[in-house]
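Secondary and tertiary structure notes
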Amino acid sequence: MAVLTSTPPRRKTRRADDGVMTVGRSPAGNLIANISGVIFAIVMFFPVYWVLITSFKPQTEWSSFTPTFFPDSPTLDNFKSAFNAPLFKQSLVNGVLVTAMAVVAALIIGFLGALAVARFRFYGRRAIIMVVLAVQLIPFISLLIPIFLMLQNWHAVGNTLVGVTLVYTVLILPYTVWMLRGFIAGIPRELDEAAMIDGCTRGQVFWRIVLPLTGPGLVATSVYGFIQAWNEFMIINTLNDPEHQNLMAWLMQNQTSRGTYWGPLMAGAIITSIPVVIFFLAVQRNIASGLTAGAVKG
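Computed from a prediction, not measured in an experiment: that's the story for all the values here.

About the criteria used
Residues numbered from 1 in each chain as written. Predicted model: local features only at pLDDT ≥ 70, side-chain atom pairs only at ≥ 80, totals over all residues. Heavy atoms only, no water. Core = buried A, V, L, I, M, F, W, Y, C linked by side-chain atoms within 4.5 Å. Buried < 20%, exposed > 50% of the residue type's maximum accessible area, 1.4 Å probe, protein only. Helix = DSSP H or I, 4+ residues; strand = E, 2+ residues; numbered from the N terminus. Contact = heavy atoms within 4.5 Å. Axes fitted to C-alpha atoms, helices over the stretch in contact; angles between N-to-C directions. Parallel < 35°, antiparallel > 145°, perpendicular 65-115°, else oblique. 1 Å grid on protein atoms, 1.4 Å probe; cavity = no way out; pocket = protein on both sides within 12 Å on 5 of 7 lines; lining within 4 Å. Points joined across faces, edges and corners; volume = space filled by probe spheres on them. Nonpolar A, V, L, I, M, F, W, Y, C, P; charged D, E, K, R; others polar.

**Focus: the nonpolar core**
In this structure, Phe88, Phe111, Leu180, Ile184, Val210, Trp230 and Trp250 are the most contacted members of the largest nonpolar core, which totals 35 residues. Of all elements in the fold, only α3 (77-83), α4 (88-119), α7 (162-185), α9 (202-213), α10 (215-231), α12 (247-253) and α13 (262-293) reach the threshold of two or more residues within this core. For this core, the element with the highest residue contribution is α4, accounting for 8 residues. Here Leu180 is in contact with Leu107, Gly110, Phe111, Ala114, Thr214, Gly217, Leu218 and Thr221, once residues within four sequence places are set aside.

Written as structure tokens, this is what we have:
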């Protein structure tokens, strides 16, 4: 007597125009997913849109209790007011200097640390890796008072950018080491050995092999460090006086008990975001390749 066996029906597959196979999703499911994505995008983009239109509204509109979703009389007075405000230009220069110095210092120190962890075998190597990862779990704000007291003993608070630059470097250094370790670990050791067999010293291997191949990783890591250092305001607002702060602290100081001038404040926020956008556009070609190169098991 033959035994009848039933096999589960196979899912229907459909090949899209771009060559991507979609499995088991009906047209209704695609419609729901697309609508959900559009709604999510609108919710995420709306605050940016509101900041943008508020920066172009005259005072009669942004101070009105009746909101308008498009400025009736667009104006650039808010941008002029923000740019000519006290300490705005100085805060812009301070932010650029502190961010650039912190990112460069973190990349140099972090790259050397990641190279040592990824390429050399020594006692305590795994412990160092775990410590670097665990440091990122500690809220940095909880260390603000000890950092302030330490920098105060070094006379590096108040009217100098050195102290806050050191703090920002330490802030982004753990992530830098952790990310660059993955990039360096993805470079085959056989390249190092082949170069040394051909007569290269270890220093030449570093400059000619490891550093060029880690270039996209350095770019991708610098983006994170730039954004984190540029957008930080609590540390620099605590350590430095108003003349040695960045634009984020400047924006916060424009909210007073006497009221907030939302038009110039939103215009200042738009101007503040411009350096980040410029930096991102300058390195966007290397970001995708850098993140993909670091997606390896090290």
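**Points about the packing of α4 against α9**
Their axes nearest at 13 Å, the elements α4 and α9 cross at an angle of 95°. Comparing their axes, α9 and α4 come out roughly perpendicular. Across from Phe111, Leu112 and Leu115 in α4, the residues of α9 making contact are Phe206, Val210 and Leu211.

**As for the layout of surface pockets**
A water-sized probe, rolled over the atoms, reveals where empty space remains. In this structure, the largest pocket spans a volume of roughly 380 Å³. Taken together, 19 residues line the largest pocket, and the ones lying closest to its centre are Val135, Phe140, Val167, Val170 and Leu171. For the lining of the largest pocket, the elements supplying multiple residues, two or more each, are α6 (144-153), α7 and α10. By residue number, the principal contributor to the lining of the largest pocket is α7, which donates 7 residues. Of the residues in the lining of the largest pocket, the class split is 16 nonpolar, 3 polar and no charged.

**Brief notes about the environment of Val283**
Structurally, the position occupied by Val283 is in helix α13. For Val283, a relative accessible area of 13% translates into the label buried. The sequence separation of Val283 and Val223 amounts to 60 residues, and the corresponding C-alpha distance is 8.2 Å. When near neighbours in sequence (up to four residues on either side) are disregarded, Val283 contacts Val219 and Val223.

Fair warning: the whole summary comes from geometry, so function is off the table for now.
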